Amino acid sequence: MISMKRILTLAIAGLLTACTSQISINDVLPQQELDRTIYLRGDFTLWDAEPQYQFAPVGPALYQAEVKFSTPGKVYEFKIADADFSEGYNCGYSDAQPAGQKLTLGQPAIADCNTIYNYFSFTPAIKGTYIVSIDYSDYDKPQVTITKK
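K.L.:
Mind showing me how you'd approach the overall build of the chain here?
P.N.:
Broken down by element type, the chain carries 2 helices and 9 strands. In the chain, the order of α-helices and β-strands from amino to carboxyl end is α-α-β-β-β-β-β-β-β-β-β. Per-residue burial over the chain gives 34% buried out of 149 residues. Of the contacts formed within the chain by residues at least 6 apart in sequence, a portion of 62% connects residues at least 24 apart. For the chain, the exposed area adds up to about 9500 Å²; of that, 56% sits on carbon and sulfur atoms.

K.L.:
Got a minute to help me understand the state of the cysteines in this structure?
P.N.:
Covalently bonding the sulfur atom of one cysteine to the sulfur atom of another cysteine gives a disulfide. Tallied over the full model, the rule gives 1 disulfide. Sulfur-sulfur distance for the disulfide between Cys91 and Cys113 comes to 2.0 Å. Across the S-S bond linking Cys91 and Cys113, the dihedral sits near 105°, which makes this disulfide right-handed. With Cys91 in strand β5 (residues 90-93) and Cys113 in the loop between β6 (109-112) and β7 (120-122), the pair connects residues that are 22 residues apart, well separated along the chain. Overall, the relative accessible area of 0% leaves Cys91 in the buried class.

K.L.:
Teacher, can you tell me more about the pattern of salt bridges here?
P.N.:
Oppositely charged side chains are able to pair whenever their charged atoms sit close together. This structure, assessed with the given rule, holds 4 salt bridges. Arg36 is paired through a salt bridge with Asp35; the nearest N and O atoms lie 3.2 Å apart. For Asp82, the salt bridge goes to Arg36, with nearest N and O atoms at 3.0 Å. With Asp82 in the loop between β4 (76-81) and β5 and Arg36 in the loop between α2 (25-28) and β1 (39-42), this residue pair connects regions lying 46 residues apart in the sequence. A relative accessible area of 3% places Asp82 in the buried class. One connected set of salt bridges, linked through shared partners, spans Asp35, Arg36 and Asp82.

K.L.:
Help me understand the pairing of strand β2 (residues 56-59) in this model?
P.N.:
A regular strand places its side chains so that they alternate between the two faces of the sheet. Two strands pair when backbone bridges link them, and β2 and strand β3 (residues 62-69) are joined in this way by 3 bridges, in the antiparallel orientation. The residue bridging Gly59 from the neighbouring strand is Leu62, located in β3.

K.L.:
Looking at this model, I keep getting lost on the packing of aromatic side chains. Mind explaining?
P.N.:
Working definition: an aromatic ring pair is given by the centre-to-centre distance plus the angle between the planes. This structure, assessed with the given rule, holds 12 aromatic pairs. Pairing Phe69 with Tyr130 gives two aromatic rings, centres 5.5 Å apart and planes at 40°, and the pair type is tilted. With a gap of 61 residues between them, Phe69 in strand β3 and Tyr130 in strand β8 (residues 128-135) connect regions that are remote in the sequence. A relative accessible area of 2% places Tyr130 in the buried class. These aromatic residues form a ring-pair network of at least three members: Phe44, Tyr53, Phe69, Tyr76, Phe78, Phe120, Phe122 and Tyr130. For the cation-ring pair, Arg36 lies above Tyr89, with the distance from its terminal atom to the ring centre recorded as 3.8 Å.

K.L.:
For this particular structure, what's the right way to read the confidence of the model for the chain?
P.N.:
On average, residues of the chain carry a pLDDT of 83, and 76% of them reach 70 or more. In the predicted structure, residues 23-31 sits below a pLDDT of 50 and forms 8 contacts with residues beyond four places in sequence or in another chain.

The rules behind these values
Residues numbered from 1 in each chain as written. Predicted model: local features only at pLDDT ≥ 70, side-chain atom pairs only at ≥ 80, totals over all residues. Heavy atoms only, no water. Helix = DSSP H or I, 4+ residues; strand = E, 2+ residues; numbered from the N terminus. Buried < 20%, exposed > 50% of the residue type's maximum accessible area, 1.4 Å probe, protein only. Contact = heavy atoms within 4.5 Å. Areas by Shrake-Rupley, 256 points an atom, 1.4 Å probe, with all protein chains shown as cover. Disulfide = S-S within 2.5 Å. Salt bridge = Lys/Arg side-chain N within 4 Å of Asp/Glu carboxyl O. Pairing = 2+ DSSP bridges. Phe/Tyr/Trp six-rings, centres within 6.5 Å; stacked < 30°, edge-to-face > 60°. Lys NZ or Arg CZ within 6 Å of the ring centre and 35° of its normal. pLDDT = per-residue confidence, 0-100.

Listed below in structure tokens is the structure:
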């Protein structure tokens, strides 16, 4: 018969072994890349899918595009979408987002990629190049962030 002390020792050893196993970032983040090209599309592109506004992968589930905003104080409107504004690839602001359509520099906002009319808006304080990022770590709630380059 195995003693209670022996069972407890085996259980603790098992837990310690489990705690020391290595978990890589790839175990947590999705492995699948987007199956199509997505673009930053807005009033500055006449809502067209233009090659210079194509998103590029920069990390697991993270894509970025650059845009020049030349008029401080102007409200720029845009979406992140594929060439056809396809369902699942037509990302604007989420109605669940308390701040609505306005993006704030450096603050992530949840996107809805099945929306037809919900575009983001951003008002730059200064002219320059900005980076728009979309993070698909949580594919059902991708996050959009804008930062100054």
